[in-house]
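Below, each chain spelled out in residue letters.
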Amino acid sequence: MLKGAYRDDNGKPVVLECVREAERRIAGSQFMEYLPIGGSIKMVEESLKLAYGENSEYIKDKRIAAVQSLSGTGACRLFAAFQQRFHPNTQIYIPVPTWANHHNIWRDAGVPMETFRYYLPETRGLDFAGLMEDIKNAPDGSFFLLHACAHNPTGVDPSEEQWREISSQIKAKGHFPFFDMAYQGFASGNPERDAKAIRIFLEDGHLIGLAQSYAKNMGLYGQRVGCLSLLCEDEKQAVAVKSQLQRIARPMYSNPPLHGAVIVSTVLGDPELKKLWLQEVKVMADRIIGMRATLRENLEKLGSPLPWQHITEQIGMFCYSGLTPEQVDRLTNEFHIYMTRNGRISMAGLNTHNVGYVANAINEVTKSA
């Protein structure tokens, strides 16, 4: 239960049928020429519609500077380099905890890092009061890294009302919100719902940055396909920003890969394939949500004295179980169940064949807690 990649109920990797059909359609029909530095224009267009809304005024007004990236990691890395180059006296505030690679990305870009409170171990939920206080106390004009949905590694997301308060406080302080959205569609099964935080910030008049990835929600882990976008003041600024993003990308990797971009643009650009994708991403999300309910149910049936409602209150690929490093070690050594020592469970590793065994083992190691 370590790997952050989706598995079916038999523990096998999945290639979506919409992806297979897209590959059938494009097989032999594409040249192998370089993409532009900014990547596939069609893929970027479809990505913006998915994130900002099909009828977004910002897309119509050409206010978004966007380039294809090497998945979500590459989008974050490009933005970090952009921040360092054009806002050298700023820092990035990163939630505690966050995906470990976030620290590597901004560190290697030479951007100073600070942290803000996010997860409250006592409730296994959001430290909303601490988060709001840290936003308020940060120097005006700071950069904040936010997980748009399915926070990694905790699975704890703010409610819609909390997002509205976060947006209001960030705006009052003149901070810049940068969203990492690795799970649009994969979290709830509904891409529109999973983009709600971003839409709230747009409604409130923020300029935002956004990293998108198609690793999880389209199963394109090895294709490394994503998008970086920045909402600008106007079209003129968007043209200038995109030019600078391309100048950063050029010595870094020259231009992005072709195949994954063509798959994404084919799936999202064809109504029939997009409909199939929406069905398939919901199947993946629903299986994860179902495993959460089953694990909690099993633990409660075993008479565990501990509260387990956080398993179903959290969302997405990961569950912050609340297990201690010592309990995780016991799971590994006595039951051959593997997870990170902070108690993070990859819910995709659970299935109807092993969830009972896992629940029994967790109950056993937490009995005396």
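No experiment lies behind these values; they were computed from the predicted model shown.

Side note on the pairing of strand 1 (residues 64-69)
Phase 1: With 6 of 6 residues buried, strand 1 is to be regarded as a mostly interior element.
Phase 2: A two-sided burial pattern is seen for strand 1, the buried positions comprising Ile64, Ala66 and Gln68 on one face and Ala65, Val67 and Ser69 on the other.
Phase 3: By the bridge criterion, 6 bridges tie strand 1 to strand 9 (residues 226-231) in an arrangement that is antiparallel. Residue pairing across strands places Gln68 opposite Cys227, the latter belonging to strand 9.

Quick word on empty space enclosed by the protein
Phase 1: Using the criterion set out here, one finds 1 cavity of 30 Å³ or more in the structure.
Phase 2: Empty space within the largest cavity amounts to approximately 40 Å³.
Phase 3: Contributing to the lining of the largest cavity are Phe116, Tyr118, Leu131, Leu145, Leu146, His147, Pro158, Trp163 and Ile166.
Phase 4: Listing elements by their share of the lining of the largest cavity, those giving two or more residues are strand 6 (143-147) and helix 7 (160-172).
Phase 5: The leading source of residues in the lining of the largest cavity is strand 6, at 3 residues.
Phase 6: Looking at the lining of the largest cavity, its residues break down into 8 nonpolar, 1 polar and no charged.

Focus on the pattern of salt bridges
Side-chain pairs of opposite charge can arise where the charged atoms are in close proximity.
Phase 1: Counted under the stated rule, the structure contains 24 salt bridges.
Phase 2: Measuring nitrogen to oxygen at the nearest pair gives 2.4 Å for the salt bridge that ties Arg24 to Glu17.
Phase 3: Connected through salt bridges with shared partners, the residues Glu17, Glu21, Arg24, Arg25, Asp270 and Glu272 form a single ionic network.

Quick look at a negative patch on the surface
Phase 1: There is a patch of like negative charges on the surface, built from Glu57, Asp61, Glu233, Asp234 and Glu235.
Phase 2: Judged by relative accessible area, which is 40%, Glu235 ranks as partly exposed.

Overview of the sheet that holds strand 8 (residues 209-213)
Phase 1: Strands sit in the order 1-9-8-7-6-2-3 across an open sheet of 7 strands; the sheet is mixed. Each having just a single partner strand, strand 1 and strand 3 (113-117) make up the two edges of the open sheet. Looking at each pair of strands side by side, their axes are set apart by 25° on average, direction ignored.
Phase 2: As defined by bridge partners, strand 8 adjoins strand 9 across 5 bridges and the pair is classed as antiparallel. Residue pairing for strand 9: Gln212 is matched across the bridge by Cys227.

A short note on the packing of aromatic side chains
Phase 1: All chains considered together, the criterion is met by 15 aromatic pairs.
Phase 2: Ring geometry for Phe79 and Phe176: centres 5.9 Å apart, planes at 15°, overall stacked. Taken as a pair, Phe79 in helix 4 (residues 71-86) and Phe176 in strand 7 (residues 176-181) lie far apart in primary sequence, 97 residues in all.
Phase 3: Accessibility expressed as a relative area gives 1% for Phe79, which makes it buried.

Calculation rules
- Residues numbered from 1 in each chain as written.
- Predicted model: local features only at pLDDT ≥ 70, side-chain atom pairs only at ≥ 80, totals over all residues.
- Heavy atoms only, no water.
- Buried < 20%, exposed > 50% of the residue type's maximum accessible area, 1.4 Å probe, protein only.
- Helix = DSSP H or I, 4+ residues; strand = E, 2+ residues; numbered from the N terminus.
- Pairing = 2+ DSSP bridges.
- 1 Å grid on protein atoms, 1.4 Å probe; cavity = no way out; pocket = protein on both sides within 12 Å on 5 of 7 lines; lining within 4 Å.
- Points joined across faces, edges and corners; volume = space filled by probe spheres on them.
- Nonpolar A, V, L, I, M, F, W, Y, C, P; charged D, E, K, R; others polar.
- Salt bridge = Lys/Arg side-chain N within 4 Å of Asp/Glu carboxyl O.
- Patch = residues over 30% accessible without salt bridge, like charges linked within 9 Å, V, L, I, M, F, W, Y side chains within 5 Å.
- Areas by Shrake-Rupley, 256 points an atom, 1.4 Å probe, with all protein chains shown as cover.
- Lys, Arg positive; Asp, Glu negative; His and termini not counted.
- Charge placed at Lys NZ, Arg CZ, Asp CG, Glu CD.
- Axes fitted to C-alpha atoms, helices over the stretch in contact; angles between N-to-C directions.
- Phe/Tyr/Trp six-rings, centres within 6.5 Å; stacked < 30°, edge-to-face > 60°.

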